[in-house]
Amino acid sequence: MLGRNIASDEYMDLLARGRASAERWLQLEPEAMRQFYNRLPFAMQHRLTEHPLMQWPELKALCRRMPPREVRFRFGEIAPDADFDMSYSQRYREGLTLDDALDNLEARRAYVCIYNPERDPAYRPFLEQLLSEFAVATRHLDPGITWFSTYVFISAQGSITPYHMDREMNFLMQVRGSKTAYLWNQADPSVMSAAQKDQLLAYAGRKPQWLPELEPKAMRFELTPAVGIHHPFIAPHRVHTGPELSISLALTFRTRWSDQQTLAHQLNHKLRQLGLRPGDVGQHPLVDAAKAEVMDLARRSHARVRRLRGIDSGVPRSN
Ligand SMILES: [Fe+2]
């Protein structure tokens, strides 16, 4: 499974560590957080550029010691409207290897993604330090981080991450080179309908795809070293790498609130499958909470029945 769940006592530890730490790697302006966190994307500043572990030789060494399935790569050009879930498929590997990608990154126009570098003993303390800073910055707005996962993206000039949306919040921080990030407002029903959001969070079918009429609605952000961008929960995005080698870190996380939203959307999706027309999630917090309770209860009972019948109930997560 990607990432790691955070129990409530570990969250309290993170908060304590974040408050006690003398060193700050992130600059999260309280006013910007209050106005925009989980509503609209906004730029932030950071100092990751100064950290030795975020330099290319260290990251290259990390790629070589991570389990092979945790380092995904592709070569060549990919269309901005390509299916994101297929973007690491063999079709984009051209029969080449990770060593080809690492040693000839720019010549091969390679794109490498390190999944969960926080599992590496050398990287873990630093990445948990960043998480503790986010925990402190979000503690009044969205308390209770329940899960987190990090990714390092290393890309040659001109790479594109196609249009897609993730089922969590994200801070994407540029360390080297430049990127242009396009984000869309997840609350705009012409970007994603209520039914599409229910389907997305129920992990049912394909994610909503890019359409030409969405392009004028994109919000554009230029990422340069020491600049980051916040992706609100499920905000659609597409990212273009600039004309040189780029390194960026994404720290993604879920909270009690986003878990509740997810469950409420999942119940809505089930109700739609039964031919009903449930009210949109996000309109009434109490209704969302009640829907989440029902879905959670149903899921637990279902898992219990499967356990009693000796059926494995593990569900793989896709991203
Ligand atoms: Fe993403």
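Residues numbered from 1 in each chain as written. Predicted model: local features only at pLDDT ≥ 70, side-chain atom pairs only at ≥ 80, totals over all residues. Heavy atoms only, no water.

Undergrad: Hey, could you run me through the layout of surface pockets in this one?
TA: A volume near 510 Å³ is recorded for the second largest pocket. What lines the second largest pocket is a set of 23 residues, among which Asn-38, Gln-186, Trp-257, Gln-261 and Gly-282 lie closest to the centre. Counting only elements with at least two residues in the lining of the second largest pocket, the list comes to α2 (30-36), α6 (194-201) and α7 (256-273). Of all the elements, α7 adds the most residues to the lining of the second largest pocket, at three residues. (1 Å grid on protein atoms, 1.4 Å probe; cavity = no way out; pocket = protein on both sides within 12 Å on 5 of 7 lines; lining within 4 Å. Points joined across faces, edges and corners; volume = space filled by probe spheres on them. Helix = DSSP H or I, 4+ residues; strand = E, 2+ residues; numbered from the N terminus.)

Undergrad: How do you make sense of the pattern of salt bridges when you look at a structure like this?
TA: Opposite charge on two side chains makes pairing possible when the charged atoms of those side chains draw close. In the structure shown here, the tally under the stated rule is 18 salt bridges. Ionic pairing is found between Glu-128 and Arg-4, a salt bridge with its closest N-O pair at 2.8 Å. Residue Glu-128 is located in helix α5 (residues 124-138), and its partner Arg-4 is located in strand β1 (residues 4-5); the two are separated by 124 residues in the primary sequence. For Glu-128, a relative accessible area of 9% corresponds to the buried category. Among the ionic contacts, a cluster of salt bridges with common partners joins Arg-4, Glu-10, Arg-17, Arg-124 and Glu-128. (Salt bridge = Lys/Arg side-chain N within 4 Å of Asp/Glu carboxyl O. Buried < 20%, exposed > 50% of the residue type's maximum accessible area, 1.4 Å probe, protein only.)

Undergrad: When you look at the pairing of strand β11 (residues 227-231) in this model, what are you seeing that I'm missing?
TA: On any regular strand, side chains alternate: one points to one face of the sheet, the next to the other face. Of all the five residues making up β11, five are buried; the element is thus mostly covered by neighbouring parts of the structure. Side chains Val-227, Ile-229 and His-231 project from β11 onto one buried face, and the interleaved Gly-228 and His-230 project onto a second face that is buried too. Taken together, the three bridges between strand β3 (residues 43-46) and β11 define a ladder with antiparallel strand orientation. Its bridge partner being in β11, Met-44 is matched across the sheet by Gly-228. As judged from the four bridges shared by strand β8 (residues 169-176) and β11, these two strands associate in the antiparallel manner. Across the sheet, residue Leu-172 finds its bridge partner in β11, namely Ile-229. (Pairing = 2+ DSSP bridges.)

Undergrad: Any chance you could explain the packing of aromatic side chains here in plain terms?
TA: Two aromatic rings, taken as a pair, are described by how far apart their centres are and by the angle between their planes. Under the counting rule described, the total for this entry stands at twelve aromatic pairs. Aromatic side chains Phe-42 and Phe-171 sit 6.3 Å apart centroid to centroid with 80 degrees between the ring planes, which places their arrangement in the edge-to-face category. Note that Phe-42 is positioned in the loop between α2 and β3 and Phe-171 in strand β8, a separation of 129 residues in sequence. Each member of the pair, Phe-42 as well as Phe-171, is classed as buried. Ring geometry for Phe-171 versus Phe-253: centroids 6.3 Å apart, planes at 5 degrees, classification stacked. Separated by 82 residues along the polypeptide, Phe-171 in strand β8 and Phe-253 in strand β13 (residues 246-255) bring together distant segments of the chain. Taken individually, Phe-171 and Phe-253 each receive the classification buried, so the pair is uniform in this respect. Pairwise contacts between aromatic rings join Phe-36, Phe-42, Phe-134, Phe-171 and Phe-253 into one cluster. Its end group placed over the ring of Tyr-111, Arg-74 keeps NZ or CZ at 4.0 Å from the ring centre. Positioned over the ring face of Tyr-203 is Arg-167, at 3.9 Å from the centre of the ring. (Phe/Tyr/Trp six-rings, centres within 6.5 Å; stacked < 30°, edge-to-face > 60°. Lys NZ or Arg CZ within 6 Å of the ring centre and 35° of its normal.)

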